[in-house]
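Descriptive analysis of the structure
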Amino acid sequence: MAVFDTPQEAFGALRPVCVQLTKAQTWENVAQLQARLGAVSAPALQELQEYVLFPLRFALKVPGPKQERLVQSVVQCISSVLAATCVKKQELLQELFSELCTCLSPPSALNKPALLSEELKLAVIQALHTLMHSAYGDVILSLYQPSTLPLLGFAVSLLLGLAEQEKAKQIKISALKCLQVLILQCDCQEHRHLDEDGAQQCGDLFASFLPGVSITLSRVITGDIKQGHTITVSAIRLFYQIVGLVMSDEQLSRVPKNKEKLSVEQSRISELMIHRGPDWSKSTAEKLTLLMHKIVESSSVHPHWKVKLELVELVHHLMKNCRQSLVDSFSHLLKALVGLVNDENSEVQNRCNEVLQSIAEQRIVAENRALADVLSENLHSLATALPRLMNSQDDQGKFSTLSLLLGYLKLLGPKINIVLNSVAHLHRLSKALMQVLELDVTDVKIVEDRRWGSESSYEPSGCLQKGKCQKKYFRFFTEEKVFQLLQQVCRVLGYYGNLYLLVDHFMGLYTESVMYRKQSAMVLNELIAGAAGVGVDVLHEREDSVNMDDLKGSITSILDEYTDQANWYLITSIDTEEVGTEFSVQHSELPASPGSARSSVLIPSSDPHLSTRTMNGNIWQICIQLEGIGCFAAVLGKDFRLLLLSALYPVLEKAGDKTLLISETAMGTLVDICEACSYDSLQCLINENSDYLVNGISLNLRQLAHQPHASRVLDTMLRHSDVSLLPLVEDVIQDVLSTLDQSYDNQASTFLRVLYSLMAALVQWFGTSCSEEHQQGQTAEWRSRTLSQVQQQQLVTRQEVERFFLDYVRQKQIAEGNLPDTDDEEADGVPPLAKPEPNNSDTEGETPLPSHAQLAKDVMERCIHLLSDRNLRVRLKVLDVLELCVTVLHPHGNHLLPMAHRVWPALVTRLISDDPLAVLRAFKCFPPLNARGPRRHLAPPERALLPSPVRAPTYQPPSREARWNGKAAE
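Note that the structure is a prediction, hence the values are computed from the model and not measured.

Quick look at unusual backbone geometry
Positive phi, close to 60°, is recorded for L184, a residue that is not glycine. You can see L184 is positioned in the loop between helix 9 (169-182) and helix 10 (196-206). In this structure L184 comes out as buried when scored by relative accessible area, which is 17%. The phi angle at S678 is positive, at roughly 65°, despite the residue not being glycine. Within the element layout of this structure, S678 appears in the loop between helix 33 (660-676) and helix 34 (682-688).

Considerations on the environment of R276
Locating R276 in the fold gives a position in the loop between helix 14 (267-272) and helix 15 (278-299). You can call R276 buried: its relative accessible area is 2%. A C-alpha to C-alpha distance of 9.1 Å links R276 and G203, two positions 73 residues apart in sequence. Those residues within four positions of R276 in sequence are excluded, and the remaining contacts are Q200, G203, D204, A207, L245, V246, Q251, L252, V255 and S281.

Some details on the packing of helix 42 (residues 851-866) against helix 43 (residues 872-889)
Put simply, helix 42 and helix 43 touch, their axes get as near as 9 Å, and they point 150° apart. Taken together, the axis directions place helix 42 and helix 43 in an arrangement best described as roughly antiparallel. With respect to the hand of their crossing, helix 42 and helix 43 are arranged in left-handed fashion. Between helix 42 and helix 43, the residues in contact are H852, A853, A856, K857, V859, M860, C863 and L866 and R875, V878, V881, L882, C885, V886, V888 and L889, respectively. Residues belonging to the contact of helix 42 with helix 43 are distributed by class as follows: 13 nonpolar, 1 polar and 2 charged.

Some thoughts on the packing of aromatic side chains
If you walk through the whole model with that rule in mind, you get 9 aromatic pairs. Arranged with centres 6.0 Å apart and planes meeting at 55°, the rings of F206 and F209 form a pair that is tilted. The same class applies to F206 and to F209, which are both buried. Taken together, the ring pairs connect Y144, F206 and F209 into an aromatic cluster. Residue placement shows R517 over the ring face of Y510; its charged tip is 5.6 Å from the ring centre. Directly above the aromatic system of Y495 lies the positively charged group of R542, at a separation of 4.1 Å from the ring centroid.

The rules behind the values
Residues numbered from 1 in each chain as written. Predicted model: local features only at pLDDT ≥ 70, side-chain atom pairs only at ≥ 80, totals over all residues. Heavy atoms only, no water. Helix = DSSP H or I, 4+ residues; strand = E, 2+ residues; numbered from the N terminus. Buried < 20%, exposed > 50% of the residue type's maximum accessible area, 1.4 Å probe, protein only. Contact = heavy atoms within 4.5 Å. Axes fitted to C-alpha atoms, helices over the stretch in contact; angles between N-to-C directions. Parallel < 35°, antiparallel > 145°, perpendicular 65-115°, else oblique. Left-handed = near helix turned anticlockwise from the far one by under 90°. Nonpolar A, V, L, I, M, F, W, Y, C, P; charged D, E, K, R; others polar. Phe/Tyr/Trp six-rings, centres within 6.5 Å; stacked < 30°, edge-to-face > 60°. Lys NZ or Arg CZ within 6 Å of the ring centre and 35° of its normal.

Laid out in C-alpha cells, this is it:
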C-alpha cells in the first residue's frame with residue numbers, strides 16, 4: 001500500500017533521489033528512484049509526473065557513450081511511471097516518443113536498429129507500448145499530424161526492422177504488437193475508436209508507410225516456419241489492419257480528386273504525404289495483389305490452425321472494408337476462404353462458414369458485378385485445370401481443389417447463371433465433370449458376382465432395408481469425401497442454375513458418347529436432387545424456387561431416356577442365354593429409329609467376346625439409372641405415383657436380374673419408391689399396382705422374342721408379396737406354363753426360375769397348412785388302411801401263400817447264380833396282384849384340388865418333360881422345382897402318387913446315369929417322394945438302382961473241387 005498519498009509527501013520523498021540522479025547518472029541511483037516510486041500513490045505521482053521524468057530523460061540525453069545497463073534501467077523506470085500516470089501534454093508525448101526511439105538507433109544510422117542487447121530492445125519496445133497507452137484523450141491524435149510524419153516513419157522503420165531481422169521471438173512479437181498500437185488498431189479497450197475524420201487523417205499518414213510495411217510484413221509472413229505461429233499470426237493481423245485502414249472504400253470515396261495545396265512551411269512535409277487518388281489506388285491495389293497472393297499461398301498450407309484462422313479473418317476484414325478498391329485481389333482471397341471451408345480443424349471450418357454466410361447475407365457478390373466476373377473467370381480457369389489436377393494431385397490435394405470449386409459456386413449463388421449462359425464456361429465445366437467422374441471399370445468381381453439367393457431361399461418383404469447407393473470406384477480418386485464434394489457441386493448447380501438448360505446439356509452428353517453416359521447420369525441425378533433442395537448445402541436461398549411442374553417435366557424426360565430399351569437392356573454377362581436375350585431386345589429397336597446416330601452408338605456388337613470392361617460399364621450404367629429413379633421418387637414424393645406406370649415395371653425387371661449388383665440396386669430403388677409414395681411395404685407396392693403389372697407381363701409373354709424379361713417381373717413379384725397376390729397372377733402363371741410348352745429349347749432356364757419362385761412362395765404361404773393337412777391325412781390313411789386290411793384279409797390269403805413260394809424260388813435262383821435278366825423277369829414274372837376295387841364312397845367324396853395345389857401339379861407335369869433336358873443347369877433347376885412341388889402336394893396323396901409314378905422313371909435315370917451333381921440332387925428328391933407311401937406303391941426296381949459293382953455277376957468260375965475232379969477224370 002502506498003505510503004505517500006499527497007503530492008507534498010511524495011515530493012519530499014522523491015526530491016533527494018531525483019537530485020542525486022541528475023547529478024550522477026548511474027543505475028544504482030535509478031534503482032533507488034524505482035524503489036521510492038513504489039511507495040507513491042498514483043494520484044500523487046500524476047502531479048509529479050514531469051518532475052520525476054526529468055532526471056530520467058536527462059540521463060538519456062547526456063552526450064557520450066552510456067552503459068546498456070543504465071539505459072535499460074532508465075527505460076524501465078520511465079515505463080513504470082507512464083504505466084501509473086497519463087500523458088496530458090502533446091509536447092511531452094512527442095518528446096518522449098522521440099527519445100525512446102533514439103534509444104534503439106544511434107545517430108549515425110537512424111534508420112537501422114543499433115547493436116544492442118535483447119533485453120534493452122525489449123525494454124524500449126515495451127516503453128513505447130506503454131507510452132501510447134498512457135496518452136490522454138485527444139493528446140494521442142497530436143502524434144498523427146503531417147508535421148510528425150518523419151517521427152512516425154522513424155518509429156515504424158525501427159519496429160519493422162526488429163520484427164524482420166531479430167532472432168529473439170519475444171522481441172519480434174513485441175515489435176509487431178507495438179506497430180499495431182502505433183496504427184491505432186490495438187485490441188485493448190483503452191483506446192477509443194476513431195471517428196471518420198480521425199480515421200481519414202490516419203489513413204492519409206499511413207499511406208506513406210504502406211509500401212514498406214506491407215512488403216516487410218509479407219516477408220515475415222512467408223518466412224521460415226520455425227519462427228513460430230504466433231509471429232505469423234501477429235504479422236497477418238497487422239497486415240490486414242493497415243491495408244484495411246489505408247485502402248478503405250469509405251475513406252477513398254471521400255478523398256478529393258486533386259491534392260490540397262499546403263502553405264510554404266509545410267511544402268516539404270507535403271512531399272512526404274500521399275494523395276490517395278484513383279491512380280494511386282489502382283496502382284497500389286495491383287501491387288498488393290501480388291503480395292496477397294504470396295501470403296495466401298503460404299498461409300493456407302501452414303501447419304498450425306491459428307495461422308489459417310487469421311487468414312480467414314484477413315479475408316473477412318478486407319472484403320468488408322475494401323470490396324471496391326481490392327476487387328482484383330479477391331480471386332486470391334476467396335480462393336483462400338473457400339479452400340479452408342473443409343479444413344481439418346473445426347474452428348477454422350466454423351469461422352469460414354460464418355464468413356461465407358456473412359458474405360452471402362450482405363450480397364457482396366450478388367450486388368457486385370465486377371466481383372461476380374472475377375469469380376466466373378476463376379471458375380473457368382479451375383474447370384480448365386481440373387482434369388490435370390485430379391490426375392496429378394494426391395487425394396488431399398484433390399479434396400482441396402474440389403472444395404475450391406464448390407466454394408466458387410456457392411459464392412456465385414444466383415449469379416451462377418452468368419457462368420451457365422456462357423457456352424464456353426458451361427462446356428468447360430461439364431467436360432471437367434465428365435472426366436473427373438470417370439468410373440474404374442476394371443474390377444472383374446462386379447461381373448462375376450451373380451444372384452443365387454432367389455434360387456435357394458424365399459425372400460420375405462419384411463427383411464428389406466432402406467435403399468442406399470452402391471459404393472462406386474473412380475479412376476482418379478479413391479476417397480469417399482472427394483465424391484461427396486462432387487455430389488455437392490452438382491447439387492449446387494441444380495439448386496441455383498437453370499434446370500432446363502442443365503438437363504438439356506447433360507442429356508446431350510448422355511446421348512453423345514458411351515464414354516460420358518455413366519457420368520452424365522450421375523450428374524443428372526444430382527442436378528434433380530439439388531433443384532429440389534434435397535441434401536444441398538448453400539449459403540443463401542435462391543431467388544425463385546423451382547416450379548414442381550418444371551421439375552416433374554425434367555424427371556419425365558430423363559426417366560424416358562433411362563428406361564429406353566437401348567439404354568436399359570445392356571449386356572452384363574457372358575452367359576449365352578443373357579447375351580442372346582439382351583441383343584434380341586436391342587436389335588428389335590433398330591427399325592424404330594433407322595439411320596439415327598443413337599442407334600449406331602447404343603446397339604452393341606453381336607461379338608460374343610465382350611470385354612470385361614464393357615460389361616462392367618454396362619452394369620454400372622444400369623445401377624446409376626436405378627439410383628436415379630429412386631432419387632426422382634424421393635424428390636416428387638407422392639406425385640411419383642403418376643409415374644409408376646412407366647417406372648415400376650422396369651425396376652421390378654431389374655430386381656430379378658442375375659447380376660448381384662443390379663438386383664441389389666433395384667431392390668434399394670423399390671424401397672425408396674415405397675418410402676416416397678407412402679407405401680407401407682414392398683408387398684403393398686406390388687399388390688396395389690399388380691393390375692397393370694400383370695397386364696404388362698401377359699402382353700410381353702406373347703412377344704417373348706422381343707420382351708424376354710417378363711418372367712423376371714413375375715419372379716420379383718412372387719418373392720416379395722403374400723398369398724393375396726396368388727389369385728391375381730394365376731392367369732399369368734398359366735400363360736407362363738403355356739409359353740414354356742412352346743419354348744422348351746431356348747427359354748426353359750428363364751421360366752424355371754419363375755416356377756421355382758412360385759413354388760417357394762407356395763411353400764412359404766401354405767407350408768403350415770400343408771403340414772397340418774399332411775398329418776391329418778396320414779392319420780386318416782392309417783385308419784382306412786387298417787380297416788381295409790381287415791376287410792380284405794380273406795381275399796389275400798391265397799395270394800400271400802403263392803407270393804411266398806415264388807419269392808422262395810426266386811431267391812434260391814439268385815443264390816445259385818442264375819439271376820434272370822430284367823426283360824425275362826418281366827416276361828416270366830407273376831402277374832401283379834389284383835387290386836381290390838376301391839371303395840365307391842371314397843371316390844365320390846374326393847374333394848377337388850385347391851388352386852395352389854393345382855398349380856403345383858401343373859408345374860410338376862412340366863418337370864417330367866424337362867428332367868431329360870440336355871443342359872445340366874436346367875436339369876438341376878428342374879430337380880429343385882420338383883422337390884418343392886412334392887412338398888406342396890404332400891397333403892393330396894391321391895394326386896401326388898400318380899404324378900410320382902410318372903416322374904419315377906426319369907428320376908431313376910438321373911440317379912444311375914447322370915452328372916454327379918444331378919445324382920446328388922436327385923437323391924434329395926427321393927425322400928419326399930418315398931415319404932408319401934409304402935414302397936409297394938412305387939415299386940422301385942431295386943436292381944436298377946444298385947451300382948454295377950454290387951450286382952451279382954452272371955458268370956461264376958467253377959469251384960476248386962470241380963476243377964480237381966475234372967483233372968482226375970482226364
